[in-house]
Each structure stands twice: as C-alpha cells, then as structure tokens.
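Observations on chain architecture
Next come the chains, spelled out residue by residue.
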Amino acid sequence: MTYELPPLPYADTALEPIYSAKTISFHHGKHHKAYVDNLNKLVANTRIDGLSLESVIDIAAKNAEMTGVFNNAAQIWNHTFFWNSMKPDGGGKPSGALAKMIDEAFGSYEKFAEQFKAAAVGRFGSGWAWLVVDGGALKIVSTPNAETPITKGQTPLITVDVWEHAYYLDYQNRRPDFVQAFLDKLVNWDFAAANLPK
Ligand code: MN3
C-alpha cells in the first residue's frame, strides 16, 4: 500500500469535550482511512502510484477521467490539513504577524471570524472553509466536496471540514455551533502561522 493514513497529531481524546473521541474515531478512523484505502486501490498498477500525494492531486485535477483519484487524494490531503488546523486549548485570537495580517485584511479578528463562519455555514452540502494566502493577501474561501485551494495557486493556512460527518455526532444539524466552537476553542493558529509563505 503506497499511501498511508497519517496519525493524528494528538490523542483521540485531546479535543474533548469540544470534539469528541467518538467523532474522531469515526472521522479519522473510518472516513479519512476510507479515502486512503480507496486511493490505494485506484492507483495500484498505474503510472501515478508512488508519486507524492500533492503530485497525484495536481495530475488528477487536470484530467477529467481521474475524478475518483482526485476526490480520494484531495480528501486525504484536506483531512490531514484539518487535523493539524486544530489543537487542544486552541481557538481565540491569533497573535504576532498573523494577527496583524488578519486585522489588515478583514478590519479586525471579529470581522474575520464573522466572514469565516459565513463561508463555512453558507457552503451548501459538503465541503470546506479555508483561510488562505492568495497573491500575497489573506482570503477566506470555501470549496465544495473534495476541492482544495492547493490546485488554485492558493496557500492554505487553516481549514474546517463542514461535511456532516465532521460534526453530526457532537452537534447534530447545528453546523454554526460547530464552526463557532472551532474558532473559539480548537483552531491552531501556530499551524496557520507556520503555513505563511516565507
Ligand atoms: Mn471529513
């Protein structure tokens, strides 16, 4: 098997009670793992088997007949990025250079949070909300299904998964409550700062 499920960057209980071990066990252990298992099956004995995940995503994004490969590879990448976008005792306002960039781009942290939440809640069906750097500027974007900013020349800083499987066990249909909790108590600004283009 070429591609492996990356381990979580913390224990499965580390985000309790905001994000339960039960949700993580399904989300990482079943959903994320299924994308890995599917990709391994799809690329077995093909010319792209063994390429980096980013290369597979890039090639598949440009080939209409590779939708299945794209969906599974991009979902692996997006989920790994999502796990790293959270940490125990995370959330709240960032500090340092990132805080200054957010103030400059959005007016204030509060305005950023409002727009990020609107992007996450407003994504119809399944997808993702992201804070990205695009052409040197911070932007909030949302992508449907497996789509990912890395195929659009954007540099992701953080993401929140708004597929129902990401929050249903803990928040049922209350996506806005999940996104608010993500911003207030989970988001890992150290990871976001480390992703800023040098
Ligand atoms: Mn998910």
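Quick caveat, the model's predicted, so the values are computed rather than measured.

1. Points about the sheet that holds strand S2 (residues 137-144)
- Overall, antiparallel pairing links the three strands, which are arranged S2-S1-S3 in an open sheet. Edge positions in the open sheet fall to S2 and strand S3 (155-161), since each of these has one partner strand only. Looking at each pair of strands side by side, their axes are set apart by 20 degrees on average, direction ignored.
- Helix-sheet contacts for helix H5 (residues 109-122) involve strand S1 (127-134), S2 and S3, and the interaxial angle to S1 is about 135 degrees.

2. A word on the environment of alanine 14
- On the secondary structure map, alanine 14 appears in the segment before helix H1 (21-43).
- Sequence spacing of alanine 14 and leucine 131 is 117 residues, and the spatial spacing of their C-alpha atoms is 24 Å.

3. Examining the packing of H1 against helix H3 (residues 67-84)
- For the pair H1 and H3, the least separation of the axes is 9 Å and the interaxial angle reads 145 degrees. In the packing of H1 onto H3, the handedness of the crossing is left-handed. Residues Ile24, His27, His28, His32, Ala34, Tyr35, Val36, Asn38, Leu39, Leu42 and Val43 of H1 form the contact with H3, whose participating residues are Gly68, Val69, Asn72, Ala73, Gln75, Ile76, His79, Thr80, Phe82 and Trp83.

4. Focus: the coordination of the manganese ion
- The coordination sphere of the manganese ion, as far as protein atoms go, consists of His27 (NE2), His79 (NE2), Asp161 (OD) and His165 (NE2), spread over 1.9 to 2.2 Å.
- Counting the intervening residues between successive donors of the manganese ion yields the motif H-x51-H-x81-D-x3-H. With histidine 27 in helix H1 and aspartate 161 in strand S3, this pair connects stretches of sequence that are 134 residues apart.

5. Here's the deal with the domain arrangement of the protein chain
- Here the protein chain is partitioned into domain 1 (21-84) and domain 2 (96-194).
- Computed over C-alpha atoms only, the centres of domain 1 and domain 2 are separated by 21 Å.
- Counting each side, the surface lost to burial between domain 1 and domain 2 is near 1700 Å², with a carbon and sulfur contribution of 72%.
- Contact with domain 2 buries area across many residues of domain 1, yet Thr23, Phe81 and Phe82 alone supply 35% of it, more than any other trio.
- Inspection of the domain 1/domain 2 interface yields zero salt bridges.
- Our count for the domain 1 to domain 2 interface comes out at ten residue pairs in polar contact (both at pLDDT 80 or more).

6. Some words on the nonpolar core
- If you look at the biggest cluster of nonpolar residues, it comprises 65 residues, and the most contacted ones within it are Tyr19, Phe112, Leu131, Phe182 and Trp189.
- Per-element tally for this core: the top contributor is H3, with nine residues.
- Split by domain, the residues of this core number at least three in each of domain 1 (21-84) and domain 2 (96-194).
- Filtering out sequence-adjacent residues up to four positions away, phenylalanine 112 remains in contact with Ile102, Phe106, Leu131, Ile140, Leu183 and Trp189.

7. Considerations on the packing of aromatic side chains
- Under the criterion given, the structure shown has 17 aromatic pairs.
- Taking 5.9 Å as the distance between ring centres and 40 degrees as the angle between the ring planes, the aromatic pair formed by phenylalanine 81 and tryptophan 130 counts as tilted. On the criterion of sequence distance, the pair formed by phenylalanine 81 in helix H3 and tryptophan 130 in strand S1 is long-range, its members being 49 residues apart.
- For phenylalanine 81, a relative accessible area of 8% translates into the label buried.
- Ring centres of phenylalanine 106 and phenylalanine 112 lie 5.5 Å apart, and the angle between their planes is 55 degrees; this geometry places the pair in the tilted category.
- Judged by its relative accessible area of 9%, phenylalanine 106 is buried.
- The structure contains a cluster of three or more aromatic residues connected by ring pairs, namely Tyr19, Trp77, Phe81, Phe82, Trp83, Trp128, Trp130, Tyr167, Tyr171, Phe178 and Phe191.

8. Observations concerning the environment of glycine 125
- Relative to the assigned elements, glycine 125 resides in the loop between H5 and S1.
- Once the C-alpha coordinates of glycine 125 and threonine 159 are considered, the two residues, 34 residues apart in sequence, prove to be 16 Å apart.
- Dropping the residues within four chain positions of it, glycine 125 is found in contact with Val162 and Arg175.

9. Section: the pairing of S2
- Taken together, the eight bridges between S1 and S2 define a ladder with antiparallel strand orientation. Residue pairing across strands places aspartate 134 opposite alanine 137, the latter belonging to S2.
- Joining the antiparallel neighbours S1 and S2 is a turn of two residues, in which glycine 135 adopts a positive phi near 60 degrees.

Analysis parameters
- Residues numbered from 1 in each chain as written.
- Predicted model: local features only at pLDDT ≥ 70, side-chain atom pairs only at ≥ 80, totals over all residues.
- Heavy atoms only, no water.
- Pairing = 2+ DSSP bridges.
- Helix = DSSP H or I, 4+ residues; strand = E, 2+ residues; numbered from the N terminus.
- Axes fitted to C-alpha atoms, helices over the stretch in contact; angles between N-to-C directions.
- Contact = heavy atoms within 4.5 Å.
- Left-handed = near helix turned anticlockwise from the far one by under 90°.
- Donors = N, O, S within 2.8 Å, 3.2 Å for Na, K, Ca; no water.
- Domains from an automatic or database assignment.
- Buried area = accessible area lost by both parts, 1.4 Å probe.
- Salt bridge = Lys/Arg side-chain N within 4 Å of Asp/Glu carboxyl O.
- Polar contact = N/O pair within 3.5 Å; in protein donor to acceptor, adjacent residues only side chain to side chain.
- Core = buried A, V, L, I, M, F, W, Y, C linked by side-chain atoms within 4.5 Å.
- Buried < 20%, exposed > 50% of the residue type's maximum accessible area, 1.4 Å probe, protein only.
- Phe/Tyr/Trp six-rings, centres within 6.5 Å; stacked < 30°, edge-to-face > 60°.

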